[in-house]
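The residues making up each chain are set out below.
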Amino acid sequence: MGAYNVLARRVMAPALDFIRGCHCMSSLAELEATQWWPPERIETLQTERLVQTIEHAYAHVPYYRNVMQERGILPQEIRTVPDLSRLPVLTKSMVRSHLNDLVADNIERGNLIRSQTGGSTGDPLVFFTTKQDRYSYGHARGVLAIEWSGVALGDKLITLVQHRAAAPTRLERGVRPLSAMLRRNMHVPLGSLSDQNLDAVVRLLHRTKPRAIAAYPSTLAHVARYVRDSGRSVPALHAVLTGGEQVFEHQRALVRDVFGVEPYSTYGTQENFILATECEAHVGMHVFAQDLVLEIVDDNGSPVGPGTEGRVLVTNLHARGMPFIRYDTGDVGSYAVAPCPCGRGMPLLDRLSGRRCDTIYTRSGARIAGNGIERDGFALLGVTQLQYVQEDLDHFTARYVVPGVSTTEAQSMFRLQAIDMLRGSLGPDINITVEIVDRIEPSPAGKYVPVISKVDPDSWLNRTTS
């Protein structure tokens, strides 16, 4: 660890904690120590925090108090993870229906941070979090995930983003660029995956020589494919970090071939931040059981054993402003049967499927990452489900379920707003059709796929612009 890393860890990061009024670094130190605890000791810590979460929810969250009273359950009857199965699964539709009742009555409204998801499974959502949950615990898990790849605070990191998420608070608007600068984390917008932009990424890597690069796996695959097909080279990287989408084996192979390193995959949600991450053994993703309960359940919400695939439910053990208990992520996964050879006591996910976002191709030559198409803002317009389908090079269909938009006039206004918002992501050379529908059908596998492209990439590569 170099002098700058020491300065970043011991001076700069604590200073940012002070400015934010949080304790990310002490949470990080705890995670660094507890990761090596035996599973039984981690489970004990997890259980203690689960008990505190249930007691808080019963005392201060009307929704959970009502649910438990209706089922005749007292908080002292939920003392272990298996006991959670007595509570119902929390879905996104339930969050929308009971938004106000899910907010704790002992948290000052000024301490709540209004956020929204981008609808990675096709259904955007408005929710509330707190500074402590986001910055003290969520950020700590993110820093440890990067540490596992051999990247320390202060190491140069280039993060390719499809769009810059708005800062949730006025304070964060000032702190975020300072944090990125001190951590030497350069965020590079890459909404269009054109050859020109991909070439700019390669030149940036040569100019800055970062220790690592981070992006969605589909974006990294495009960068790697461009490097391979163009005959360009890239400087040596210590690590490649991915997250936000399912990582397919062909993408891993391409990254290994071009960058010479095995990618590290991270799993998280906007509602609960980082949930699990891959270690140096690359045999699965460790769940942060110190901060979370992650259940794998069947269609009825009953737990299934290791090796059996099921729905992923999350209980956040630090969310006090708006607790998420048995929250359905919309993803599917399974716990590993065998422990990880790395020696960490944290449980291991060996399979995770879900979030898929195709790439959108345009006649002018642009490639637009599915995760870069506007989605966040639609939660604020009352959208409960969405799906984008590229029919061909010239036609793009956006489908929305908007329960509150029923009159002809309101629907016309929504369509104009939607097209205007989408235009910023898609550019001018594709026709956009907006459909307001009653529901969006899942794929044959039962998953809601938010972005689908019917354009054959190979045909697109050989396209003519005439």
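What this report covers is the structure whose coordinates are included nearby. Source: prediction; values computed, not measured. (Residues numbered from 1 in each chain as written. Predicted model: local features only at pLDDT ≥ 70, side-chain atom pairs only at ≥ 80, totals over all residues. Heavy atoms only, no water.)

Looking at the overall build of the protein chain
Turning to step 1, where the next piece is worked out: In terms of regular secondary structure, the protein chain is built from 13 helices and 19 strands.
Turning to step 2, where the next piece is worked out: Principal-axis analysis of the C-alpha atoms gives the protein chain an extent of 70 × 60 × 45 Å.
Turning to step 3, where the next piece is worked out: Expressed as a percentage of the 466 residues in the protein chain, the buried residues total 54%.
Turning to step 4, where the next piece is worked out: At a minimum sequence separation of 6, the contacts of the protein chain that also span at least 24 residues come to 67%.
Turning to step 5, where the next piece is worked out: Here the protein chain has roughly 19900 Å² of accessible surface; of this, 52% comes from carbon and sulfur atoms.
Turning to step 6, where the next piece is worked out: Charged side chains in the protein chain number 49 positive and 50 negative. The centres of these two groups are separated by 6 Å. (Helix = DSSP H or I, 4+ residues; strand = E, 2+ residues; numbered from the N terminus. Buried < 20%, exposed > 50% of the residue type's maximum accessible area, 1.4 Å probe, protein only. Contact = heavy atoms within 4.5 Å. Areas by Shrake-Rupley, 256 points an atom, 1.4 Å probe, with all protein chains shown as cover. Lys, Arg positive; Asp, Glu negative; His and termini not counted. Charge placed at Lys NZ, Arg CZ, Asp CG, Glu CD.)

Quick notes on the sheet that holds strand β9 (residues 285-287)
Turning to step 1, where the next piece is worked out: Taken together, the 11 strands give an open sheet; going across it, the order is β4-β3-β5-β6-β7-β8-β9-β13-β12-β11-β10, and neighbouring strands pair in mixed fashion. If you trace the sheet from one side to the other, it starts and ends with β4 (185-189) and β10 (292-297), each paired once. Direction aside, the axes of adjacent strands within the sheet are offset by 35° on average.
Turning to step 2, where the next piece is worked out: On the sheet, helix α6 (residues 131-148) packs against β3 (157-161), β6 (239-243), β7 (264-269), β8 (273-278), β9, β10 and β11 (310-316) and is oriented at approximately 15° with respect to β8.
Turning to step 3, where the next piece is worked out: Those strands touched by helix α8 (residues 195-208) are β3, β4 and β5 (212-215), and its axis lies near 165° from that of β3. (Pairing = 2+ DSSP bridges. Axes fitted to C-alpha atoms, helices over the stretch in contact; angles between N-to-C directions.)

Focus on the sheet that holds strand β16 (residues 385-392)
Turning to step 1, where the next piece is worked out: The strand order β18-β17-β16-β19 describes an open sheet built from 4 strands, whose pairing is mixed. Each of the sheet's edge strands pairs with one partner strand only, and the pair in question is β18 (431-436) and β19 (451-453). In this sheet, adjacent strand axes meet at a mean angle of 15° when their direction is disregarded.

As for the packing of aromatic side chains
Turning to step 1, where the next piece is worked out: Counting across every chain of the model gives 9 aromatic pairs.
Turning to step 2, where the next piece is worked out: Pairing Phe-127 with Phe-324 gives two aromatic rings, centres 6.0 Å apart and planes at 75°, and the pair type is edge-to-face. One end of the pair, Phe-127, is in strand β2 (residues 126-130); the other, Phe-324, is in the loop between β11 and β12 (327-335), with 197 residues separating them in the sequence.
Turning to step 3, where the next piece is worked out: Taken together through their ring pairs, the aromatic side chains of Phe-378, Tyr-388, Phe-396, Tyr-400 and Phe-414 make up a single cluster.
Turning to step 4, where the next piece is worked out: Just above the ring of Tyr-4 sits the side chain of Arg-184; from NZ or CZ to the centre is 4.4 Å.
Turning to step 5, where the next piece is worked out: Sitting above the plane of the Trp-148 ring, Arg-344 keeps its charged end 4.2 Å from the centroid. (Phe/Tyr/Trp six-rings, centres within 6.5 Å; stacked < 30°, edge-to-face > 60°. Lys NZ or Arg CZ within 6 Å of the ring centre and 35° of its normal.)

Points about the packing of helix α9 (residues 217-230) against helix α10 (residues 249-259)
Turning to step 1, where the next piece is worked out: The contact between α9 and α10 brings their axes to 9 Å, and the two run at 45°. Relative to α10, the element α9 lies oblique. Once α9 is placed against α10, the crossing between them reads as left-handed. Residues Pro-217, Ser-218, Leu-220, Ala-221, Val-223, Ala-224, Arg-225, Val-227 and Arg-228 of α9 form the contact with α10, whose own contacting residues are Gln-251, Leu-254, Val-255, Asp-257, Val-258 and Phe-259.
Turning to step 2, where the next piece is worked out: Classifying every residue of the contact of α9 with α10 by side-chain character gives 10 nonpolar, 2 polar and 3 charged. (Parallel < 35°, antiparallel > 145°, perpendicular 65-115°, else oblique. Left-handed = near helix turned anticlockwise from the far one by under 90°. Nonpolar A, V, L, I, M, F, W, Y, C, P; charged D, E, K, R; others polar.)

What about the layout of surface pockets?
Turning to step 1, where the next piece is worked out: There is about 720 Å³ of room inside the second largest pocket.
Turning to step 2, where the next piece is worked out: Surrounding the second largest pocket, 27 residues form its lining, Glu-43, Gln-46, Leu-294, Tyr-335 and Pro-347 being those nearest its centre.
Turning to step 3, where the next piece is worked out: Every element with two or more residues in the lining of the second largest pocket is listed here: α3 (39-60) and β10.
Turning to step 4, where the next piece is worked out: When residues in the lining of the second largest pocket are grouped by element, the largest group, 5 residues, is from α3.
Turning to step 5, where the next piece is worked out: Classifying every residue of the lining of the second largest pocket gives 20 nonpolar, 4 polar and 3 charged. (1 Å grid on protein atoms, 1.4 Å probe; cavity = no way out; pocket = protein on both sides within 12 Å on 5 of 7 lines; lining within 4 Å. Points joined across faces, edges and corners; volume = space filled by probe spheres on them.)

A few points about empty space enclosed by the protein
The gaps left among the atoms become clear once a water-sized probe is rolled over them.
Turning to step 1, where the next piece is worked out: This structure, assessed with the given rule, holds 3 cavities of 30 Å³ or more.
Turning to step 2, where the next piece is worked out: Its volume calculated, the largest cavity comes out at about 90 Å³.
Turning to step 3, where the next piece is worked out: In terms of lining residues, the largest cavity is bounded by Val-143, Ile-146, Glu-147, Val-151, Ala-152, Leu-153, Gly-154, Asp-155, Leu-157, Arg-183 and Asn-185.
Turning to step 4, where the next piece is worked out: Of all the elements, α6 adds the most residues to the lining of the largest cavity, at 3 residues.
Turning to step 5, where the next piece is worked out: Here the lining of the largest cavity is composed, by residue class, of 6 nonpolar, 2 polar and 3 charged.
Turning to step 6, where the next piece is worked out: Taken as a whole, the second largest cavity holds about 50 Å³ of empty space.

Considering unusual backbone geometry
Backbone geometry follows two general trends: most residues other than glycine have a negative phi, and most peptide bonds adopt the trans configuration.
Turning to step 1, where the next piece is worked out: For Lys-209, which is not glycine, the phi torsion reads 50° and is therefore positive.
Turning to step 2, where the next piece is worked out: In this fold, Lys-209 is placed in the loop between α8 and β5.
Turning to step 3, where the next piece is worked out: Positioned with a positive phi, His-282 is a non-glycine residue whose angle comes to about 55°.
Turning to step 4, where the next piece is worked out: Along the chain, His-282 turns up in the loop between β8 and β9.

Details of the pattern of salt bridges
Turning to step 1, where the next piece is worked out: Counted according to the given criterion, the structure contains 22 salt bridges.
Turning to step 2, where the next piece is worked out: Residue Asp-394 is joined to Arg-363 by a salt bridge in which the shortest nitrogen-to-oxygen separation is 2.9 Å. Here Arg-363 lies in the loop between β14 (360-361) and β15 (367-368) and Asp-394 lies in the loop between β16 and β17 (395-401), a separation of 31 residues in the sequence.
Turning to step 3, where the next piece is worked out: Counted as one network, the salt bridges with shared partners bring together Glu-30, Arg-49, Arg-141 and Asp-291. (Salt bridge = Lys/Arg side-chain N within 4 Å of Asp/Glu carboxyl O.)

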